[in-house]
Amino acid sequence: MGKLANKTAVITGASSGIGKAAAHHLAKEGARVVLAARRSERLQELADEIINHYGVEALVVETDVTKREDVENLVKKTKDSFGSVDYYVNNAGVMLLSFLKNDHIDEWEQMVDVNIKGVLYGIHAALPVMLEQNSGHMINVSSVAGHEVFPSSTVYSATKYAVKALSMGMEKELSGTGVRVTNISPGAVDTELTDHITDGDVVEMFKDRKMTPLHSEDIAEAISYAITQPENVNVNEVIVRPMHKK
Ligand SMILES: NC(=O)c1ccc[n+]([C@@H]2O[C@H](COP(=O)([O-])OP(=O)(O)OC[C@H]3O[C@@H](n4cnc5c(N)ncnc54)[C@H](OP(=O)(O)O)[C@@H]3O)[C@@H](O)[C@H]2O)c1
């Protein structure tokens, strides 16, 4: 039996990249997974794969994390279906890199809505359930850009610093409640995240960039590491940077 048998993991942004890999990894360890994102066809395909490969339950809940009622519905459906919310992976995010001078105000707002408000809605919906259970684990996906600011990452970094601050505050406030929190900060990972950048100056800057050697599975592994620690251990911060060959 897997280490996470009879546990329930909610994963936002499960339709691609890190979220999808995390869903595979946690299901492989025996967890039931609840898959959330906007692209429900992709989620359904993933659910079918997971059920076939690992023989665990997988539930799809189409969710836009910028809508508070969607996130409330996600947690309610999880509780109604499986009785508990053991892990909540606040992973959905967008990285619309742009230079401040190019004034991509709509994209700034979108990043605030998804990366900060989406995480807050997750806390709002799932934390009361975890407190009532006297157990649970929130995994917030920040970024190396939540520790450092790069040219064109200013607003993205601001949102990821906010995620880190939320994780740090949760760690202080929740000590002694049985609820654990982990802030995961990946460096550049090979996913669809950069596909949505529209600032021509950033696209130009990135055009000769080397492929990153970090893959979604590497971050899923870090999430799994944090989750599978013994009960007396609270892994609060994990930074995973790419290791380039010479
Ligand atoms: N890749 C990297 O280099 C890197 C580095 C550091 C941190 N991160 C962080 O890792 C997380 C996952 O990113 P990724 O690299 O796996 O990128 P990705 O493949 O583009 O995945 C992003 C996920 O977020 C979901 N999403 C976006 N807006 C959403 C919304 N409004 N509601 C619900 N879901 C939404 C997307 O699903 P739908 O479009 O189907 O809704 C998708 O599943 C993000 O928080 C990102 O900031 C990534």
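Everything below is about the structure printed above this text.
Let us look at the structure shown here. (Residues numbered from 1 in each chain as written. Predicted model: local features only at pLDDT ≥ 70, side-chain atom pairs only at ≥ 80, totals over all residues. Heavy atoms only, no water.)

## Let's talk about the site of the ligand
- In the region of the ligand, 30 residues are neighbours, and R38, R39, Y156, V189 and T191 sit closest.
- Between the ligand and I18 there is a distance of 2.8 Å, counted from an oxygen atom to a backbone nitrogen or oxygen.
- In the environment of the ligand, an oxygen atom lies 2.7 Å from a nitrogen or oxygen atom belonging to the side chain of R39.
- In the complex, the protein chains occlude 96% of the 870 Å² of accessible area that the ligand would expose alone. (Near = heavy atom within 4 Å. Polar contact = N/O pair within 3.5 Å; in protein donor to acceptor, adjacent residues only side chain to side chain. Areas by Shrake-Rupley, 256 points an atom, 1.4 Å probe, with all protein chains shown as cover.)

## Concerning the pairing of strand β2 (residues 32-37)
- With respect to burial, β2 is a largely interior element, six of its six residues being buried.
- By the alternation rule, side chains of β2 split into R32, V34 and A36 and V33, L35 and A37, which are all buried.
- As paired strands, strand β1 (residues 8-12) and β2 are joined by five bridges and run parallel to one another. Considered in β2, the bridge of A9 is made with V33.
- With respect to chirality, the unit in which β1 leads through helix α1 (residues 17-28) into the neighbouring parallel β2 is right-handed.
- Two strands pair when backbone bridges link them, and β2 and strand β3 (residues 58-62) are joined in this way by five bridges, in the parallel orientation. Opposite L35, over in β3, you have V60 as the bridge partner.
- With helix α2 (residues 40-54) bridging β2 and its parallel neighbour β3, the resulting β-α-β unit is right-handed. (Buried < 20%, exposed > 50% of the residue type's maximum accessible area, 1.4 Å probe, protein only. Helix = DSSP H or I, 4+ residues; strand = E, 2+ residues; numbered from the N terminus. Pairing = 2+ DSSP bridges. Right-handed = clockwise from strand over helix to strand, strands pointing away.)

## Concerning the nonpolar core
- In terms of nonpolar packing, the biggest core is built from 39 residues, with L74, V75, V85, Y88, M111 and M138 touching the most fellow members.
- Of all elements in the fold, only β2, α3 (68-82), α4 (105-133), α5 (154-174) and β6 (179-186) reach the threshold of two or more residues within this core.
- It is α4 that contributes the most residues to this core, 11 residues altogether.
- With residues near it in sequence (within four places) discarded, M138 still touches Y88, N90, G122, I123, A126, L127, M130, M170, R180, V181 and T182.
- Of all hydrophobic cores here, the second largest spans 36 residues; its members include A21, V56, I184 and I227. (Core = buried A, V, L, I, M, F, W, Y, C linked by side-chain atoms within 4.5 Å. Contact = heavy atoms within 4.5 Å.)

## Some words on the sheet that holds strand β7 (residues 237-240)
- Spatially, seven strands are ordered β3-β2-β1-β4-β5-β6-β7 in an open sheet, and the strand pairing comes out parallel. Strand pairing shows two members of the sheet lacking a second neighbour, β3 and β7, which therefore form its edges. Neighbouring strand axes in the sheet, compared pairwise and without regard to direction, differ in orientation by 15 degrees on average.
- Judged from the three bridges that link them, β1 and strand β4 (residues 87-90) form a sheet pairing that is parallel. Paired with A9 across the strands is Y87, a residue of β4.
- Seen against the sheet, α3 touches β1, β2, β3 and β4 and runs at an angle of roughly 155 degrees to β3.
- With respect to the sheet, helix α7 (residues 216-227) is in contact with β4, β5 (136-141), β6 and β7, its orientation differing from that of β6 by roughly 160 degrees. (Axes fitted to C-alpha atoms, helices over the stretch in contact; angles between N-to-C directions.)

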